[in-house]
Amino acid sequence: MTKLIVDGKEIDVPADYTLLQACEAAGAEIPRFCYHERLSIAGNCRMCLVELKGSPKPVASCAWGVRDCRPGPNNEPPVVNTKSPLVKKAREGVMEFLLINHPLDCPICDQGGECDLQDQAMAYGHAKFNRYEENKRAVTDKNMGPLVNTIMTRCIHCTRCVRFAAEVAGVDEIGATGRGEDMEITTYLEHAVSSEMSGNVIDLCPVGALTSKPYKFNARPWELTKTESVDVMDAVGSAIRVDSRGAEVMRFLPRVNEEVNEEWISDKTRFVWDGLRRQRLDKPYVRKNGKLQPASWAEAFAAIADRVRATRPERMAALVGDLVSAEPIKALKDLMLALGVANLDCRQDGAKLGHGPRQGYLFNTTIAGIEHADALLLIGTNPRWEAPLVNARIRKAWLRNDLKIMRIGPRFDLTYQVQDLDNNPADLADIATGKHRAFEVLKNAKHPMLILGAGALARPDGAAILDAAAQIARNTGMIGPSGEGGWNGFNVLHTAAARVGALDLGFLPQKGGKDTIAILDAAARGDIDFVYLLGADEIDTKKLGQAFVVYQGSHGDAGAHRADVILPGSTYTEQNGTYVNIEGRVQQARRATFPPGDAREDWTILRALSDVLGKKLPYDDMGTLRLAMLKDAPHFAETDRAPAHPGVDVGIWTSIGAAGTIAKTPFEYPVKDFYLTNPIARASHVMAECSSLFVKPRLSAAAE
Amino acid sequence: MSLRRLAPDQPTSFAFTPENLAWAQKQLKKYPEGRQASAVVPLLWRAQEQNGGHVTEPMIRVIAEMIGVSPIRVLEIATFYTMFNLKPVGQHLLQVCTTTPCWLRGSDAVVAACKKHIHPHAETVSADGKLSWMEVECLGACVNAPIIQIGDDFYEDVDGARAEAIINDLRAGRKPKPGSQIGRQTSAPEGGPQTLTDASLYTKGG
């Protein structure tokens, strides 16, 4: 610890702090443009100048270490001033230089109202107007793809975007060409930035040079209603802020959650909002004479009731989709059990997991925990597309801790170095028993971990693969002590936001019941006559055969096209709901807008239907429903917290999965197109554009 | 200095000649393992020489590949340093210094000669393809101002007429004599020594 005197106040900070951090610790506010906590230090904007006693000039506090400050002649602590006239003059001077070439187009700038330059010019600039008589520099706008709008005349060359692309996103594609007044931020030959996280440069840009293209000229920040929620585009559960105006969601922004998404979100999370408005189901439909006809709720319920009464429970089934919150899952489960239906499943992809202890399907290391790992085995998973923020953490650990990464799976650029083992799942058994070289790497690591992809489990031999992974975890010392500071290196990476919550609530085949694949096969054979799809679109609907299909959901996607009755539900921005992320972290999504037309909140639809079916569910409001959920899964009571490395009991690791032989069939990744993984994304024009720009060329290259 | 952008017309490929490739591989070995990116400037410079004086887009990609960085990092370097020409240049490129000392000593006349005898616009190849000219910042030979740099040689003490003579020589395929154009020895005073004129002051036994 080092003593410093900041504005006359003595403080004690770690020696590896920068002056800026020390000043902040002392409660002083330091303006900045180029400095960002999560990026490397550039020190080029000069806005953070402070006075350091003994230094002939003001120093850039972001790039000056506390240990570089010299003590006074009698060994007094170094003295820093952040409010002296010298500092004020320095800041005003820097601000003048920034404003000389910055256009005065705030009234037509999308950053207006949330602009660092605007705010800091107010706080630290000269209070003098009409002083710029020279022409301002004009810079041609650059193409950065369909997501990032550029107005480069506004750029102040902080290089945050350059550093973000190179460091966090891991795609070295943005750079600063030219020099001096002619310096320009651009991508190589103006190609679009090929990152799944490129939208974050919009938030990082302190001015209006990089703004959101889909959101362009749509709204002003002060007229938006802000709702804090969580994302459901992948299973990570990123913290988001939903900005809405009236009935429409205008944009998504990240919220800081150090344990999950830090302050980044993926492009799918950020730009999917136009999908919330398109292809919506806004009234019930009933199929009459082979055609879906608009109907009233009563007619739709009556059609279902007629059919349910005529069908025996063992010929009925229910499937839960990827975006559904826990409450309707619980309601559907209770309704189906009351009807005596045992054919329930939430694993649309047919993954062979979910039975046995909770640790067997969680990301036990936790996302933040990845930063401590020093060896990692990826099993049939492509985290860059399945969970971009998990991938960003792995990259961070790779950059900082020299994390060694091995992979069993197809080659794919993950933005860090990966040692490719043979894509032969059968090798897993050898790794578990120590016959494979990967065993030693994991065994010798202090904090080894493995990530088992959802795709690796959605195979006929999925249970054996799960078992082999559990054995690897047990035999290589991945299972350490539980609690804070403990370690558990066994991780399953789900791709569906609804999955962990549904597994927690036990939406699985009941005694004698069929799983997803068996249900679809039975329906194709004609052994299942009634299927209830709760937002389930990622199944092969052709296999539903002659069955009577009820689709409850928000978008007219695969499920709705096949349905005989459509019940219009809500999206994650239109209802309160509980989601459990991959780590087992229980989080609340909150309503920002109301569902369109006759659409209703999902659990209320099931509650109303249960009444018509004569099996009235015992809850009339969200509170009682949530209390009922606690009976199934008591951990729902504790929100926003991941279980800290559960599973010390080594015994449980033999009961995960099932022993069996693993086929040599190579692994395939479950996510074929990052931008089009769910009904909301498939309804979005922006996502479609991204897909055709970034994914189609990749697919056609692979086909050649 | 104006905006530095890659020329609109670009060839489709670039490859080092075998000799230059061998040379480049040797340069790469000069740097510690993992620091090969540091070789970017010498490689670009050699590539520019091989290509007749300017840097092309395929060249940037080839060099980025060789030193293991993304192309944007090499483009940053190529656009930063004015020693890299991004547009085609003539067989001989006249780099006319117009910084203050040269300007005071009459670089305007040199520029006028270039405009008249090469091309009215800087950085534009003359009709016969042999010459182009550009203004540059201080060449560091102010005592002999004004200066023109042509290739590796400095032509000092030029004025309009001498610049024209140099241009005519180059056009005719003759190589003008580098150094001072008024015959003075390096940067000694014009018209011979002004001090130590009496040899007895410095000869032994004088």
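Predicted, not measured: the structure shown is a model, and the values here were computed from it. (Residues numbered from 1 in each chain as written. Chains lettered and ligands numbered in written order. Predicted model: local features only at pLDDT ≥ 70, side-chain atom pairs only at ≥ 80, totals over all residues. Heavy atoms only, no water.)

Let us now look at the overall build of chain B. Along the backbone of chain B there are 7 helices and 5 strands. Secondary structure elements in chain B, listed N-terminal to C-terminal, are α-α-α-α-β-α-α-β-β-β-α-β. Counting only C-alpha atoms and orienting by the principal axes, one finds that chain B spans roughly 65 × 50 × 30 Å. Of all 206 residues assigned to chain B, the portion counted as buried reaches 39%. At a minimum sequence separation of 6, the contacts of chain B that also span at least 24 residues come to 63%. Looking at charge distribution, chain B has the averaged site of its 21 positive side-chain charges lying 3 Å from that of its 21 negative ones. (Helix = DSSP H or I, 4+ residues; strand = E, 2+ residues; numbered from the N terminus. Buried < 20%, exposed > 50% of the residue type's maximum accessible area, 1.4 Å probe, protein only. Contact = heavy atoms within 4.5 Å. Lys, Arg positive; Asp, Glu negative; His and termini not counted. Charge placed at Lys NZ, Arg CZ, Asp CG, Glu CD.)

Quick look at the interface of chain A and chain B now. Taken together, the contacts link 18 residues of chain A with 18 residues of chain B. Note on chain A versus chain B: buried area summed over both sides is about 1,400 Å², and carbon and sulfur give 56% of it. At the surface where chain A touches chain B, the tally comes to 2 salt bridges. Two residues, Arg5(B) and Glu184(A), come together in a salt bridge whose shortest N-O distance is 2.8 Å. For the pair chain A and chain B, the number of links is 9 residue pairs in polar contact (both at pLDDT 80 or more). Residue assignment for the side of chain A that touches chain B shows that the elements contributing at least two residues are helix 4 (160-169), strand 7 (174-177) and strand 8 (184-187) of chain A. The element that contributes the greatest number of residues to the side of chain A that touches chain B is strand 7 of chain A, accounting for 4 residues. (Buried area = accessible area lost by both parts, 1.4 Å probe. Salt bridge = Lys/Arg side-chain N within 4 Å of Asp/Glu carboxyl O. Polar contact = N/O pair within 3.5 Å; in protein donor to acceptor, adjacent residues only side chain to side chain.)

Residues and elements named next belong to chain A. An order of 19-18-17-20-21 is seen for the 5 strands of this open sheet, with the pairing classed as parallel. Strand pairing shows two members of the sheet lacking a second neighbour, strand 19 (419-420) and strand 21 (490-493), which therefore form its edges. For strand 20 (residues 448-453) and strand 21, the ladder comprises 4 bridges, and the chain directions are parallel. The residue of strand 21 that forms the bridge with Ile451 is Asn491. Contacting strand 17 (375-379), strand 20 and strand 21, helix 14 (residues 462-475) runs over the sheet at an angle of about 170 degrees to strand 20. (Pairing = 2+ DSSP bridges. Axes fitted to C-alpha atoms, helices over the stretch in contact; angles between N-to-C directions.)

This brings us to the sheet that holds strand 10 (residues 225-230) of chain A. All names here are of chain A. The strand order across the open sheet built from 3 strands is 10-11-12, with neighbouring strands paired in antiparallel fashion. Pairing within the sheet leaves two strands with one partner each, and these edge strands are strand 10 and strand 12 (248-254). On average, each strand axis in the sheet is inclined to that of its neighbour by 30 degrees, with strand direction left out of account. Judged from the 6 bridges that link them, strand 11 (residues 239-245) and strand 12 form a sheet pairing that is antiparallel. Bridging from a neighbouring strand, Arg241 pairs with Leu253 of strand 12.

Right, let's get into the nonpolar core. Where a protein is soluble and globular, its nonpolar side chains tend to be buried together. Residues and elements named next belong to chain A. With 125 residues, the main nonpolar core has Leu4, Val390 and Tyr572 as its most contacted residues. No other element matches the 6 residues that helix 4 contributes to this core. For Val390, the contacting residues outside a window of four places in its chain are Val236, Phe363, Ile367, Ile370, Ile451, Leu493 and Ile582. Grouped together as the second largest cluster of nonpolar side chains are 89 residues, Ala438, Leu613, Met622 and Phe636 included. (Core = buried A, V, L, I, M, F, W, Y, C linked by side-chain atoms within 4.5 Å.)

A side chain of one charge can pair with a side chain of the opposite charge when the charged atoms of the two come close. Residues and elements named next belong to chain A. Evaluated as defined, the whole model comprises 61 salt bridges over all chains. A salt bridge links Arg277 to Glu248; the shortest N-O distance between them is 3.7 Å. With Arg277 in the loop between helix 6 (267-271) and strand 13 (285-288) and Glu248 in strand 12, this pair connects stretches of sequence that are 29 residues apart. The shortest N-O distance in the salt bridge between Asp557 and Arg682 comes to 2.8 Å. Of this pair, Asp557 sits in the loop between strand 23 (548-553) and helix 17 (558-562) while Arg682 is found in helix 20 (residues 679-682), placing the two residues 125 residues apart along the sequence. The exposure class assigned to Asp557 is buried, which follows from its relative accessible area of 13%. A single salt-bridge network, built from bridges that share partners, covers Arg38, Glu258, Glu262, Glu263, Glu371, Arg393 and Lys396.

Moving on to helix 16 (residues 516-525) of chain A. Residues and elements named next belong to chain A. Buried residues of helix 16: Thr516, Ile519, Leu520, Ala522 and Ala523, and no others. For helix 16, the arc enclosing every buried residue in end-on projection is 165 degrees, short of the 170-degree limit, so these residues lie on one face. Packing partners of the buried residues in helix 16 comprise strand 15 (316-320) and strand 16 (343-345). (Arc of directions from axis to C-beta.)

This part takes up the pairing of strand 18 (residues 404-408) of chain A. Residue and element names in this part refer to chain A. Burial runs high along strand 18: 4 of the 5 residues are buried. In this structure, strand 17 lies alongside strand 18, joined through 5 bridges in parallel fashion. Each bridged residue has a counterpart across the sheet, and for Leu377 the counterpart in strand 18 is Met406. Sheet topology note: the strand 18/strand 19 ladder contains 2 bridges and is parallel.

To continue, consider the environment of Ile72(B). Its place among the elements puts Ile72(B) in helix 4 (residues 71-80). Linking Ile72(B) and Thr56(B), residues 16 residues apart in sequence, is a C-alpha distance of 13 Å. With sequence-adjacent residues up to four places away left out, Ile72(B) is seen in contact with Asp172(A), Glu173(A), Ile174(A), Gly175(A), Thr186(A), Thr187(A) and Tyr188(A).

Next up on the list: the packing of aromatic side chains. Residues and elements named next belong to chain A. Under the defined criterion, the tally for this structure stands at 11 aromatic pairs over all chains. Ring centres of Phe530 and Phe548 lie 6.0 Å apart, and the angle between their planes is 20 degrees; on these two criteria the pair is classed as stacked. Of this pair, Phe530 sits in strand 22 (residues 530-534) while Phe548 sits in strand 23, placing them 18 residues apart in sequence. Each member of the pair, Phe530 as well as Phe548, is classed as buried. (Phe/Tyr/Trp six-rings, centres within 6.5 Å; stacked < 30°, edge-to-face > 60°.)

Before going further, it helps to spend a moment on a nonpolar patch on the surface. Taken together, the side chains of Trp45(B), Phe80(B), Tyr81(B) and Met83(B) define a hydrophobic patch exposed on the protein surface, amounting to about 340 Å² of accessible area. Looking at where Phe80(B) falls in the secondary structure, it is placed in helix 4. (Patch = residues over 30% accessible without salt bridge, like charges linked within 9 Å, V, L, I, M, F, W, Y side chains within 5 Å. Areas by Shrake-Rupley, 256 points an atom, 1.4 Å probe, with all protein chains shown as cover.)

On to the environment of Ser38(B), then. All names here are of chain B. Residue position: Ser38 is located in the loop between helix 1 (18-29) and helix 2 (40-50). Using a relative accessible area of 41% as the deciding quantity, one classes Ser38 as partly exposed. Along the sequence, Ser38 and Ala188 sit 150 residues apart, while their C-alpha atoms lie 39 Å from each other.

Over its 16 residues, helix 2 (residues 85-100) of chain A extends 22 Å from the first C-alpha to the last, a length consistent with the 22 Å expected when each residue adds 1.5 Å. Residues of helix 2 of chain A that are buried: Val87(A), Ala90(A), Arg91(A), Glu92(A), Val94(A), Met95(A), Glu96(A), Leu98(A) and Leu99(A). (Expected span 1.5 Å × (residues − 1).)

Before going further, it helps to spend a moment on the packing of helix 1 of chain B against helix 2 of chain B. Residues and elements named next belong to chain B. With their axes 10 Å apart at the nearest point, helix 1 and helix 2 run at an angle of 170 degrees to one another. When the axes of helix 1 and helix 2 are compared, the pair comes out roughly antiparallel. Between helix 1 and helix 2, the residues in contact are Asn20, Trp23, Ala24, Gln27 and Leu28 and Pro42, Leu43, Arg46 and Gln50, respectively. Taken together, the residues of the contact of helix 1 with helix 2 break down into 5 nonpolar, 3 polar and 1 charged. (Parallel < 35°, antiparallel > 145°, perpendicular 65-115°, else oblique. Nonpolar A, V, L, I, M, F, W, Y, C, P; charged D, E, K, R; others polar.)

All names here are of chain B. In the contact formed by helix 3 (residues 57-67) and helix 4, the axes pass within 8 Å of each other and the chain directions differ by 115 degrees. By crossing handedness, the relation of helix 3 to helix 4 is classed as right-handed. Between helix 3, through Ile60, Arg61, Ile63, Ala64 and Ile67, and helix 4, the contact on the second element is made entirely by Pro71, Val74, Leu75 and Ala78. Classifying every residue of the contact of helix 3 with helix 4 by side-chain character gives 8 nonpolar, no polar and 1 charged. (Left-handed = near helix turned anticlockwise from the far one by under 90°.)

Along the chain, Thr211(A) turns up in strand 9 (residues 210-212). Ignoring sequence-local partners within four residues, the contact set of Thr211(A) consists of Asp110(A), Gln111(A), Leu147(A), Val148(A), Asn149(A) and Ile202(A).

On to the environment of Gly106(B), then. With respect to the secondary-structure elements, Gly106(B) resides in the loop between helix 5 (100-104) and helix 6 (107-117). Separated by 54 residues in sequence, Gly106(B) and Gly160(B) have C-alpha atoms that sit 8.3 Å apart.

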